[in-house]
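Chains, contacts and geometry: an overview
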Amino acid sequence: MRLNLLIPLTLATFMLACNDDKSPTASASGKDAILIGAKWKMTAHTITPAVDYDGNGTLVTNLFAVEHGCGHDDIDSYTSDHKFSFDEGPTKCDASDPQKETGTWSFNSAGDSLTIDSDLDPVPMKLKVVEVSATKLVLSSSDDSWGDGVHTEVLTFSAQ
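Parameters and conventions
- Residues numbered from 1 in each chain as written.
- Predicted model: local features only at pLDDT ≥ 70, side-chain atom pairs only at ≥ 80, totals over all residues.
- Heavy atoms only, no water.
- Salt bridge = Lys/Arg side-chain N within 4 Å of Asp/Glu carboxyl O.
- Buried < 20%, exposed > 50% of the residue type's maximum accessible area, 1.4 Å probe, protein only.
- pLDDT = per-residue confidence, 0-100.
- Contact = heavy atoms within 4.5 Å.
- Phe/Tyr/Trp six-rings, centres within 6.5 Å; stacked < 30°, edge-to-face > 60°.

Quick word on the pattern of salt bridges
- Tallying each qualifying case throughout the model produces one salt bridge.
- K136 is the salt-bridge partner of E131, the closest N and O atoms lying 3.8 Å from each other.
- Look at E131 and you get partly exposed, because its relative accessible area is 31%.

Considerations on the confidence of the model for the chain
- Averaged over every residue, the pLDDT of the chain is 83; residues scoring 70 or more account for 82%.
- In this model residues 1-27 is a low-confidence stretch, pLDDT under 50, and it forms 111 contacts with partners more than four residues away in sequence or in other chains.

Digging into the packing of aromatic side chains
- Tallied over the full model, the rule gives four aromatic pairs.
- Residues Y78 and F84 carry aromatic rings whose centres are separated by 5.2 Å and whose planes lie at 55° to one another, so their mutual orientation is tilted. Each of the two residues, Y78 as well as F84, counts as buried.
- Ring geometry for W105 and F107: centres 5.4 Å apart, planes at 80°, overall edge-to-face.
- Here F107 falls in the buried class, since its relative accessible area comes to 14%.
- Joined through ring pairs, the aromatic side chains of Y78, F84, W105 and F107 make up one cluster.

Structure representation (structure tokens):
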């Protein structure tokens, strides 16, 4: 399921914009502290260019509006020892999926790329960090997995 690929993208999902000022959030270590300080729930998921998500001929850019609501209660968590946890929340999309997925996470040295290495996925997920604050996390990823060229997905998370 494409949503499962993005959650740790979503994930969560995942985190932080390049920042020209020298505030604490501009450093990777400052971003670590912000990321670790909250549990993250996806609140938006867009794609450009638009895709036929349901195979019904209708092109959409707002994937959050058409995805199954069962993914809207999922929570991503990050710990100071660089462990990652994705929890399906109260409503699981597939009863056979594990309630929790775990793995590790890391920022690159510039803090503008987040890598999530899930215990259930053999390929680490690399996400561009667009924005991070105490209340908001925005990640993006571009690839050709939709089969019709390169698309950019943007995932927005809110601190819980």
